[in-house]
Each structure stands twice: as structure tokens, then as C-alpha cells.
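Survey of secondary and tertiary structure
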Amino acid sequence: MSERSQLQTGRTAAHDSAFLRACRREPVPHTPVWFMRQAGRSLPEYRKVREGTAMLESCMRPDLVTEITLQPVRRHNVDAAIFFSDIVVPLKAIGIDLDIKPGVGPVVAQPIRSRADLDRLRPLDADDVPYVTEAIGMLTAELGTTPLIGFAGAPFTLASYLVEGGPSRNHEHTKALMYGDPELWADLLDRLADITAAFLKVQIEAGASAVQLFDSWVGALAPADYRRSVMPASAKVFDAVAGYGVPRIHFGVGTGELLGLMGEAGADVVGVDWRIPMDEAARRVGPGKALQGNLDPAVLFAGHEAVETKAREVLDAAEKLEGHVFNLGHGVLPTTDPDALTRLVAYVHEQTAR
Ligand code: 1CP
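Residues numbered from 1 in each chain as written. Predicted model: local features only at pLDDT ≥ 70, side-chain atom pairs only at ≥ 80, totals over all residues.

Points about the packing of helix H5 (residues 62-76) against helix H8 (residues 130-143)
- Packing of H5 against H8 leaves a shortest axis separation of 9 Å and a crossing angle of 45°. For the element pair H5 / H8, the angle class is oblique. Handedness of the H5/H8 crossing: right-handed. Contact with H5, carried on its side by Pro62, Val65, Thr66, Thr69 and Leu70, involves Tyr131, Glu134, Ala135, Met138, Leu139 and Glu142 of H8 and no other residues of that element.
- Taken together, the residues of the contact of H5 with H8 break down into seven nonpolar, two polar and two charged. (Axes fitted to C-alpha atoms, helices over the stretch in contact; angles between N-to-C directions. Helix = DSSP H or I, 4+ residues; strand = E, 2+ residues; numbered from the N terminus. Parallel < 35°, antiparallel > 145°, perpendicular 65-115°, else oblique. Left-handed = near helix turned anticlockwise from the far one by under 90°. Contact = placed C-beta atoms within 7 Å. Nonpolar A, V, L, I, M, F, W, Y, C, P; charged D, E, K, R; others polar.)

Written out as C-alpha cells, the structure reads:
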């Protein structure tokens, strides 16, 4: 079989999965479940295969990426796999000097703050990330009917790491640039939109069945600023991949006030954190979109009875949604008991079996 027809087979195999049906707002056999940050972090088998290999180096090894992506699928029976990578991988691939420091996160050697710095953000193409194409080819062959979600960081969240130089609580340098030099800011976000769109295209062309744009830190903005200074770049990313017909998920943390705009930016599915009930989120997003969410990841520390009670609350609030993908309101916390996740998947499947 040619490479191309093989990946077509991969995507066709997953086409009728509960996850993709929910994203398309079609009837489902059960509410699909997956977890942000399900790969890595809490799994002992992850820590074992990662021993002695730095985070970014693992992202460039197709054998490791394939194994780590499959681990939570095997263990938890989740309805989708998420590609093991990181939002800074495309930036590293175009030559930005950065590293992922254990216990810290992405750290950028020379922050981007001036017009001259923009030149370091050159366009990305598939040849910059051959290991992504290779890993996704291996994965779709292994996954069968389980869909693979590709992902990228959204322009604002990437800008935050690049401008601050690392993780930040208040995003002060980022906001200073956004408010203080709107023209440079717009050019920065536009470049990042092109890089992000190119990175998503590589993943879709290699066989990803859906994509998620992580704008993890955009909840730091007021709606008017989001609309003016961020939405055009995120919309450019969604437009660029619209033609593939794969569901586009848009997620951020603390984005209760932004949910409508995040849908408007071009998402098919809007991710919701735990601070707002799913029915209220649906009201804010409006018709024509599926929602994903939204159990507080900390609930998994409270014992199975509490997990069931809180998961039931999520399912009840999501009952009238046009499409619901069950997820946590943010990523799995590193010290989560993996068995709590496995039991949660079984509970949601059993409660929603039709
Ligand atoms: O050595 C390690 O194990 C480092 C921990 C780690 C892991 C497992 C990092 C560093 N990244 C990842 C993988 C990763 N990153 C995935 C894997 C697939 C999965 O979801 O299972 C994904 C989707 C990401 C995306 C990512 N990276 C986001 C968006 C999602 C989110 O949680 O909001 C963000 C903000 C990052 C940056 C990042 N990378 C790593 C860390 C610790 C951070 C956050 C640091 C910070 O607080 O700013």
C-alpha cells in the first residue's frame, strides 16, 4: 500500500469513532473521553521509557513518541490518542534556542521583544519536523479505529513563552508588548499563526484525525483585548486548516468570558475549564459547536465516590449539548493515580451507553 493510501485508511478507520462523531455533533454510542496530558506525566511506564532522555529529544524520536502516545490508550481505554509532543517543538524546529527544563517548563535563551528579534521566527515546513510525520505514520497504523489528535500552541500562548523567556504568572512583558507596540505585536502573532498553521498541517497530512489549538494562558486577557489583539491570529490558524474537514478544538484555561469569541475564531469544538458549568458554557458559545470538558483535574485526588459524583454533575450539565467530549478542565496533574483515570473512563462510558 502506498504511504498516502495507508494514511487515508487510518483516517477512514477512525471516521465513525465516538470521539469524531461527538465533534461533528452526531449521535454517539457513548460519550467519548480523553484527557489533556494523558500521555506522560502520571504514568510509571512513561517515566520508565523516558529515563535518560530529555523531553525535547523524546519528541524527536518517533519510536518513543509512538510508545508514549499509545500508553494511555492501552491503559485507560480512552476514545482518542493525543500526539506526544510539546507546543514549543515547532519553535525549536525553526532554530529558536530553547529547552524544556524539568520542573520548570519551556525556557527561551533570548526572549523575543524587538522588531529585529522577529527575523528569528522563520516559516516552518514539513522538512523541519520529519520525526513528526514519521511518528504519526507509525501511530495511525497502530491505532486502528482510535483517532489521533494533533495539536499546537496558539499564537498568544507561544508568544507568552517567547516574550517572557519562560513560564510566567502575570505575562507582564507579553502584555507590555501587546498594549505598548500593537503593530509589532500583530506582526509577531501573525508569524506565529503561520508557524502554528504549518505545524498543524504537517500533522493532519500525516494522518491526525482532529487538531487542538492550546491557548492555555489566554484567559489572562479581557474579551475586548482578545478580540482586537489575539483573535485575528487564532482565526488565521483555524482558517488555514479548515479545508481538511478535520474537527478543530480550541482550548484555554480561565476563559469563561472568552468562550463565545474562541468559538467565533473558527473552532468546531470549544474546550471548557472547570470554572463554569457545561450548560452555561454552551449558552455562551451558542449553537453549531460541540463542547469539550470539564472535570476539575484535582477531583481525581478525592476518591472514586467523589469522582463519580463530580463526573455525574458534568454529564448532567452537558446533557442537552449538541456534542460533548468528556475531558478534564485542564491537564492531568503529575501525581494523579492512573487507576483513578481508568475508572473514570469506565464510569463515563457506562453512564452514557446508549
Ligand atoms: O520531562 C517531562 O516529562 C516534562 C513534562 C512535559 C510533558 C510530558 C512537558 C513540559 N510537555 C509535555 C508533553 C505535552 N505538552 C503534551 C503531551 C501530550 C498529552 O497531552 O498527553 C501536550 C499536549 C503539551 C502541550 C503543552 N505544553 C501546553 C498546553 C497544554 C496545557 O497544559 O495547558 C503547554 C502550556 C506546554 C508548555 C509546557 N511544556 C512542559 C511544561 C511543564 C509546560 C508548562 C509550563 C508552564 O507552566 O508554563
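Concerning unusual backbone geometry
- With an omega of -5°, the peptide bond running from Gly293 to Asn294 counts as cis.
- Even without being a glycine, Arg37 presents a positive backbone phi close to 60°.
- Along the chain, the position of Arg37 falls in the loop between helix H2 (18-23) and helix H3 (44-50).
- Classification of Arg37 as partly exposed rests on a count of 17 C-beta atoms within 10 Å.
- Backbone geometry places Arg41, a non-glycine residue, at a positive phi of 55°. (Buried ≥ 20, exposed ≤ 12 C-beta atoms within 10 Å, placed from the backbone.)

Some words on helix H15 (residues 278-285)
- Every buried residue of H15 is accounted for by Met278, Ala281, Ala282 and Val285. Each buried residue of H15 sits inside an arc of 100° when the element is viewed along its axis, so together they form one side.
- At its buried positions, H15 is contacted by helix H14 (259-264), strand S7 (269-271), strand S8 (290-295) and helix H16 (304-317).
- Two residues or fewer past H15, Gly286 is found with a positive phi of approximately 85°. (Arc of directions from axis to C-beta.)

Remarks on helix H10 (residues 172-180)
- Residues of H10 that are buried include every one of Thr174, Leu177 and Met178, and no others. Projected onto a plane normal to the axis of H10, the buried residues spread over an arc of 95° and lie on a single side. What points out from H10, more than 90 degrees from its buried face, is the exposed set Glu172, Tyr179 and Gly180.
- In the core, the buried residues of H10 are packed alongside helix H9 (155-164), helix H11 (182-206) and helix H12 (223-229).

Thoughts on the pairing of strand S6 (residues 248-251)
- With burial as the criterion, each face of S6 is covered, one bearing Arg248 and His250 and the other bearing Ile249 and Phe251.
- Bridge analysis of strand S5 (residues 210-214) against S6 gives four bridges, and the strand direction is parallel. Looking at the pairing, Gln212 lines up with Ile249 of S6.
- Taken together, the two bridges between S6 and S7 define a ladder with parallel strand orientation. Within S7, the residue paired with His250 across the bridge is Val270.
- Tracing the backbone out of S6, into H14 and back to the parallel element S7 gives a crossover that is right-handed. (Pairing = 2+ DSSP bridges. Right-handed = clockwise from strand over helix to strand, strands pointing away.)

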